[in-house]
Amino acid sequence: VLQLVFKIADDAGLLLLDMKDLRAMCQDVGDNASQYTTEYGNISAASIGAIQRGLMQIEAQGGEKFFGEPMLNIADFMQTDANGQGMVNILAADKLMNAPRLYATFLLWMLSELFETLPEVGDLDQPKMVFFFDEAHLLFNDAPKVLLERIELVVRLVRSKGVGVYFVTQNPLDIPDTVLAQLGNRVQHALRAFTPRDQKAVKSAADTMRPNPGLDIGAAITELAVGEALVSFLDEKGRPCPTERVFVLPPCSQIGPITPEQRKALIANSLVAGVYEKAVDRESAFEAIKGRTQARQPAPTASQASTAAPAPAGAPTAPAVPEKSIFDSIGDMLGGGNRRTRTGVGEQLARSAASSIGREVGRQIIRGVLGGIFGGSKR
């Protein structure tokens, strides 16, 4: 049904740019489902309601601020400085991690956009871009099936587009087998086997690394000290090398979190500073549906026009009555007002208001963000 909503919006030339566009479009399609049945197929109110509830959950987690324009440009991840050195981009997901649906939606879109946008480049000496997913268990815990399928597809095929993907986690059991099977390079730090699950994790990690006749991998994993690791990388022919116990060079950068002042300075000096701060809300599906509904409102009758005639000079003027909005009319229909208005114009006005508010929301935000779910164009 959501795909039908996209298709209907495309055919009608309605842009879905932000959350209110998508919600309005779903509402309009649901209110006018009988008009689309013969061309697009059955659209049940229950399906529309399920979609709206899902969108409401994303919206409650901050989706209305996350979606919209300007859209995130994947090319901004692949910046270089004046010396041609690559930039390290950090997605501060400390708040996103508390919104799992929104986080999964973003990652799904990002991986799809990356896969669909970058050209095939073959086997490069150095990747154009590398992703490191820290605390990977947060990515896979209760992840929707479509996200797992997309991650598996990208990990399998994205190497040919010059992109590397690394998952960082304390326990190899945190990563699904379908994804773990696609990862060739392994860096294993110490695991302590204090519980049966820990012992299972140690055995699993040891079994997935290439054996070395001179090294007991299972015992070594539990004995590793700080700065030590077991490594097994792919050789020139794509074969995993025998596992070796090595020392890791300490990082030359700062160890530990940066201060808020340092974060603000880094953001202010970024090459994309000021690009995404100002939201753009151009005319889209929401405005078009709202305007269409207002155009359908009936013109005032002759009796209504006569009652609105100006009073004679000198006559006392009645206090001005504020003009009723669409929502006031809906309130009159539900809770009071003239009986004739409730059963006649009120119902028509409520239906048209609901459809207009709902129709212009969904085209480009879903094209840009949720559009990656369906593998379609971001526009």
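It should be emphasised that the depicted structure is a prediction, and the values quoted were computed from it without experimental measurement.

Draft legend 1. Up close: the overall build of the protein chain. Scanning the protein chain for helices and strands turns up 16 helices and five strands. For the protein chain, the proportion of its 379 residues judged to be buried stands at 35%. Of the contacts made within the protein chain by residues no fewer than 6 positions apart, 71% connect residues no fewer than 24 positions apart. Total accessible area on the protein chain is roughly 23100 Å²; 56% of this is exposed by carbon and sulfur atoms.

Draft legend 2. How the structure looks around the nonpolar core. Ranked by size, the top nonpolar core spans 62 residues in total, and within it Met25, Phe133, Ile151 and Phe167 carry the most contacts. At 11 residues, the largest contribution of residues to this core is made by helix H5 (residues 100-117). Residues within four places of Phe167 in sequence aside, it is in contact with Phe133, Ala136, Leu139, Phe140, Ile151, Val155, Ile175, Val179 and Leu183. Among the nonpolar cores identified, the runner-up in size contains 11 residues, and Leu191, Met209, Ile217 and Leu224 belong to it.

Draft legend 3. Geometry of a nonpolar patch on the surface. Where nonpolar side chains cluster on the molecular surface, the patch consists of Val130, Phe132, Tyr166 and Val168 and spans about 350 Å² of accessible area. With respect to the element layout, Phe132 can be found in strand S1 (residues 129-133).

Draft legend 4. Up close: the packing of aromatic side chains. Here the structure, examined in full by the defined rule, presents five aromatic pairs. With a centroid separation of 5.5 Å and 15 degrees between ring planes, the pair formed by Phe133 and Phe167 is classed as stacked. Residue Phe133 is found in strand S1, and its partner Phe167 is found in strand S2 (residues 163-167); the two are separated by 34 residues along the sequence. Of the two residues, Phe133 and Phe167, both sit in the buried class. In textbook terms, an aromatic cluster arises when at least three aromatic residues are bridged by ring pairs, as seen for Phe77, Phe131, Phe133 and Phe167. We note Lys161 situated over the ring of Phe115; from NZ or CZ to the ring centre the distance is 4.4 Å.

Draft legend 5. How the structure looks around the pattern of salt bridges. Per the stated rule, a full pass over the model turns up 10 salt bridges. A salt bridge links Lys7 to Asp11; its shortest N-O distance comes to 3.4 Å. One end of the pair is Lys7 and the other is Asp11, both in helix H1 (residues 2-12) and four residues apart, which spans about a single turn. When its relative accessible area of 43% is taken as the criterion, Asp11 is described as partly exposed. The partner of Glu59 in a salt bridge is Arg23, and the shortest N-O contact between them spans 3.6 Å. Linking Glu59 in helix H4 (residues 45-66) with Arg23 in helix H2 (residues 19-31), this pair joins segments that are 36 residues apart in sequence. Residues joined by salt bridges that share partners form a network here, namely Asp18, Lys20 and Asp281.

Draft legend 6. Region of interest: the sheet that holds strand S4 (residues 228-232). The three strands lie next to each other as S3-S4-S5, forming an open sheet whose pairing is antiparallel. Each of the sheet's edge strands pairs with one partner strand only, and the pair in question is strand S3 (186-188) and strand S5 (244-247). Strand-to-strand twist in this sheet, taken as the mean axis angle between neighbours without regard to direction, amounts to 35 degrees. Alignment of S3 against S4, held across three bridges, turns out to be antiparallel. Within S4, the residue paired with Val187 across the bridge is Val231.

Reading the values: rules and limits
Residues numbered from 1 in each chain as written. Predicted model: local features only at pLDDT ≥ 70, side-chain atom pairs only at ≥ 80, totals over all residues. Heavy atoms only, no water. Helix = DSSP H or I, 4+ residues; strand = E, 2+ residues; numbered from the N terminus. Buried < 20%, exposed > 50% of the residue type's maximum accessible area, 1.4 Å probe, protein only. Contact = heavy atoms within 4.5 Å. Areas by Shrake-Rupley, 256 points an atom, 1.4 Å probe, with all protein chains shown as cover. Core = buried A, V, L, I, M, F, W, Y, C linked by side-chain atoms within 4.5 Å. Patch = residues over 30% accessible without salt bridge, like charges linked within 9 Å, V, L, I, M, F, W, Y side chains within 5 Å. Salt bridge = Lys/Arg side-chain N within 4 Å of Asp/Glu carboxyl O. Phe/Tyr/Trp six-rings, centres within 6.5 Å; stacked < 30°, edge-to-face > 60°. Lys NZ or Arg CZ within 6 Å of the ring centre and 35° of its normal. Pairing = 2+ DSSP bridges. Axes fitted to C-alpha atoms, helices over the stretch in contact; angles between N-to-C directions.

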